[in-house]
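Residue-level structure breakdown
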Amino acid sequence: MYQKRLQDPVLENDWHAVYLASELKEQPIGVMVLGERVAIYRTKKGVHAFQDLCIHRGAMLSKGWVQDDILVCPYHGWQYDSSGQCVCIPAQPRGEKIPPRAKAQAYSCMEKYGFIWVCIGEPSAELPHFEEFADPQFRPLACGPYTVHAAGTRVIENFTDFAHLMFVHQGLLGHPDYAELPDFKVIKEKERIYIEDVPIFQPVAHSGSDKSEGTTYVYRKEVYRPLSARLTKADPSNGQALWIMLTVLPVTAEECLVFMVVSRNYAFDVDDANFIQFQDMVFDQDARVIETQKPELLPLDLQVELNHKVDLFSIAYRRWLKELGVVVGTI
């Protein structure tokens with residue numbers, strides 16, 4: 001089925017995690033970014049991304065193969081170097097000049113935080129560097145991707161929300177008896193919005209924590225791009241901290257893939273799988289609710305849904321999206 005590329009002046013020029021780096025091996029892979037088919041592949045020089053389309057007869061390059069660092073189209077064997085230039089047309093007589101139009105559309109591509117990142121426009125900024133997710137001493141663990149049949153903006157808004165912890169994640173990240181939230185304020189800067197010093201009682205402590213009956217964690221949450229956010233969850237009594245980065249790939253306007261990285265400064269003797277499984281469980285709980293929300297797209301008109309003072313971060317996020325000019329995933 002043909003999927004029309006989505007137009008968005010902000011998201012087209014943003015970096016999107018599209019695939020687990022550990023899973024990209026010899027075979028090219030096809031992914032979808034804003035409705036655009038993209039082929040990603042690996043060579044000795046690094047990772048690369050093209051529009052998943054051979055200029056000759058429209059075959060998917062991701063169905064081809066890599067030979068001597070050259071991407072080969074599976075239909076007629078046309079060969080493309082990492083810049084997108086066609087360097088060989090097997091059916092063409094030797095020595096004959098290859099037509100100048102014989103090129104694949106190359107996109108910016110890089111590997112970081114355990115993911116392959118792609119920008120299908122012109123990157124408006126560099127991919128931010130976060131030491132806690134880049135330094136191996138913090139044991140960064142790639143989680144996901146998780147498929148969600150909802151707008152990516154809904155996923156990020158859920159990330160900004162504290163009041164759902166006591167109900168969606170009841171018995172894990174919150175408890176209804178501790179549903180009352182403290183007063184807080186949202187801080188807005190040029191490239192981000194964030195909130196900090198928010199205490200939340202969590203019935204189940206982190207894996208490896210020395211607290212057997214839960215504890216009160218202090219949260220800091222930040223949205224630093226329209227579809228990317230991170231948090232710190234710290235236990236002030238012992239200095240233990242867990243960091244999570246969440247970034248959303250808009251596949252279509254109402255479907256997305258969610259990638260996460262979780263890092264920590266404690267319990268390095270605990271099996272990493274415990275932390276990944278916990279994130280899998282928690283995000284599954286989130287997705288089950290997010291996929292039921294109506295409208296599916298996030299309303300930027302604050303009169304469409306009833307807002308409450310505990311929604312300050314959500315309100316700030318919606319206003320920021322409108323200010324930036326984000327179109328996809330919003331109404």
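Residues numbered from 1 in each chain as written. Predicted model: local features only at pLDDT ≥ 70, side-chain atom pairs only at ≥ 80, totals over all residues. Heavy atoms only, no water.

1. A word on the pattern of salt bridges
Heads up, the condition is: Each salt bridge in this description consists of a side-chain nitrogen of Lys or Arg and a carboxyl oxygen of Asp or Glu lying within 4 Å of one another. Secondary structure follows DSSP: runs of H or I at least 4 residues long count as helices, runs of E at least 2 residues long count as strands, and numbering of each begins at the N terminus. Accessibility here uses a 1.4 Å probe with only protein chains present; expressed as a share of the type maximum, an area under 20% marks a residue as buried, one over 50% as exposed, and anything in between as partly exposed.
Per the stated rule, a full pass over the model turns up 21 salt bridges. When the shortest N-O distance is used, the salt bridge between D14 and R225 registers 3.0 Å. Here R225 lies in strand β14 (residues 215–225) and D14 lies in the segment before β1 (16–20), a separation of 211 residues in the sequence. Each member of the pair, D14 as well as R225, is classed as buried. One salt bridge in this structure joins R192 and E189, with 2.7 Å as the shortest N-O distance. Judged by its relative accessible area of 22%, R192 falls in the partly exposed class. Among the residues examined, E189 registers a relative accessible area of 32% and is labelled partly exposed. Linked through salt bridges whose partners overlap, the residues forming this network are E132, E189, R192, E196, R220, E222 and R230.

2. Overview of the side chain of R225
The criterion, for reference: Note on contacts: a residue pair is in contact if any heavy atoms of the two residues lie within 4.5 Å.
According to the relative accessible area criterion, R225 is buried, its value standing at 15%. The contact partners of R225, leaving out residues within four places of it in the chain, are V10, D14, S124, E191 and W320.

3. Examining the layout of surface pockets
Rolling a probe over the atoms, with the probe sized like a water molecule, indicates the empty space that remains. Counted only if it meets this: Put simply, the grid is 1 Å and covers the protein atoms alone, a cavity is a trapped set of points that fit a 1.4 Å probe, a pocket is an open set with protein on both sides within 12 Å along at least five of seven lines, and lining residues have an atom within 4 Å of a point. Grid points are joined across faces, edges and corners, and a volume is the space filled by probe spheres set on the points. Note that Gly is not counted as nonpolar here; it falls among the polar residues with everything else outside the nonpolar set of Ala, Val, Leu, Ile, Met, Phe, Trp, Tyr, Cys and Pro and the charged set of Asp, Glu, Lys and Arg.
Approximately 300 Å³ is the volume attributed to the largest pocket. Forming the boundary of the largest pocket are 17 residues, of which E157, D161, Q293, D311 and S314 lie nearest the centre. For the lining of the largest pocket, the class distribution of residues is five nonpolar, five polar and seven charged.

4. Overview of the packing of aromatic side chains
The condition that has to hold: For Phe, Tyr and Trp, rings pair up if their centres lie within 6.5 Å, where Trp contributes its six-membered ring, and each pair is then called stacked (planes under 30 degrees apart), edge-to-face (over 60) or tilted (otherwise). Any Lys NZ or Arg CZ that is within 6 Å of a ring centre and within 35 degrees of that ring's normal is treated as a charge sitting over the ring.
For the structure shown, the criterion picks out 12 aromatic pairs. With centroids separated by 6.2 Å and ring planes inclined at 70 degrees, the aromatic side chains of Y266 and F275 adopt a geometry described as edge-to-face. Taken individually, Y266 and F275 each receive the classification buried, so the pair is uniform in this respect. Aromatic rings pair up to connect Y113, F115, W117, F130, F133, Y224 and F259 into one cluster. Residue placement shows K233 over the ring face of Y217; its charged tip is 5.7 Å from the ring centre.

5. Here's the deal with empty space enclosed by the protein
Tallying each qualifying case throughout the model produces five cavities of 30 Å³ or more. Considering only enclosed or pocket space, the largest cavity measures out at about 250 Å³ in volume. As for the largest cavity, its lining consists of 19 residues, and the residues nearest its centre are F159, L173, L231, V282 and D286. If you tally residues by element for the lining of the largest cavity, the top one is helix α3 (residues 272–290), at five residues. Classifying every residue of the lining of the largest cavity by side-chain character gives 12 nonpolar, four polar and three charged.

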